[in-house]
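# Structural characterization, general
Spelled out from the first residue to the last, the chains are:
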Amino acid sequence: MEHRLLDQVKTVMRVMLISERTSPEHRHVIRFNALDFHTLAIVRTAPGVRATAVAAQLGVAPTTASSVIARLVSRGLIQRQQCSQDRRAYELDLTDEGRAVADAIHTQDLRNMALFLSALSAREQTQLVALMDKVVERVAALEAGTPSG
């Protein structure tokens with residue numbers, strides 16, 4: 001069962017992470033780099049996020065997150081601003097170009113999900129989402145170090 005699910009998840013992730021998932025004007029801006037895609041998504045949903053939070057959400061070392069952020073800053077997709085509460089920290093926001101790329105990726109992700117879900121009836125889609133909610137709750141509990149049933 002675990003092997004089959006792993007293969008299925010890998011197939012879906014492979015399709016979700018190809019560079020052609022962005023609109024034509026943004027293709028190859030961030031070529032084949034899942035961390036770049038995920039970092040843009042994090043900053044898109046949480047403007048003003050700090051690099052330490054990005055590293056935690058990506059599940060990578062702070063130095064890796066710093067490299068990703070530096071690359072996105074140099075490409076003009078993310079900007080850093082010094083945090084007003086903590087002068088040692090920086091908050092991250094998307095530039096206008098970064099917002100356009102992140103929005104295009106998000107739109108394509110939603111299209112992909114609709115296409116994937118079209119293989120299921122409305123009832124099956126509801127069931128799948130409910131089951132995934134349970135899986136996500138379990139993952140969150142494991143990440144928090146709290147036991148769950």
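Residues numbered from 1 in each chain as written. Predicted model: local features only at pLDDT ≥ 70, side-chain atom pairs only at ≥ 80, totals over all residues. Heavy atoms only, no water.

## What to know about the packing of helix H2 (residues 34-45) against helix H5 (residues 96-117)
Convention followed: Whenever a helix is involved, its axis is fitted only over the stretch in contact; in every case the axis is a line through C-alpha atoms, and angles between N-to-C directions fall within 0 to 180 degrees. A run of DSSP states H or I qualifies as a helix once it reaches four residues; a run of E qualifies as a strand once it reaches two. Both are numbered from the N-terminal end. Roughly parallel here means an angle under 35 degrees, roughly antiparallel means over 145, roughly perpendicular means 65 to 115, and every remaining angle is called oblique. In what follows, a contact means two residues having at least one pair of non-hydrogen atoms within 4.5 Å.
Two numbers describe how H2 lies on H5: the axes approach to 9 Å, and their chain directions differ by 105°. What the angle tells us is that H2 and H5 run roughly perpendicular. Packed against H2, whose contacting residues are Phe-37, Leu-40 and Arg-44, the element H5 presents Arg-99, Val-101, Ala-102, Asp-103, Ile-105 and His-106 at the interface.

## A look at the environment of Ile-78
Its location among the elements puts Ile-78 in strand S2 (residues 78-82). Through-space distance from the C-alpha of Ile-78 to that of Leu-40 is 7.9 Å; in sequence the pair is 38 residues apart. Dropping the residues within four chain positions of it, Ile-78 is found in contact with Thr-39, Leu-40, Val-43, Leu-72, Val-73, Leu-92, Asp-93, Leu-94 and Thr-95.

## Quick word on the pattern of salt bridges
What counts here: Salt bridges are identified by distance alone: a Lys or Arg side-chain nitrogen within 4 Å of an Asp or Glu carboxyl oxygen.
Tallying each qualifying case throughout the model produces 5 salt bridges. Across the pair Arg-71 and Asp-36 runs a salt bridge whose closest N-O atoms are separated by 2.9 Å. Here Asp-36 lies in helix H2 and Arg-71 lies in helix H4 (residues 62-74), a separation of 35 residues in the sequence. A salt bridge links Arg-75 to Asp-36, with the shortest nitrogen-to-oxygen separation between them at 3.7 Å. In this pair, Arg-75 sits in the loop between H4 and S2 while Asp-36 sits in helix H2, placing the two residues 39 residues apart along the sequence. Because the salt bridges share partners, they merge into one network encompassing Asp-36, Arg-71 and Arg-75.

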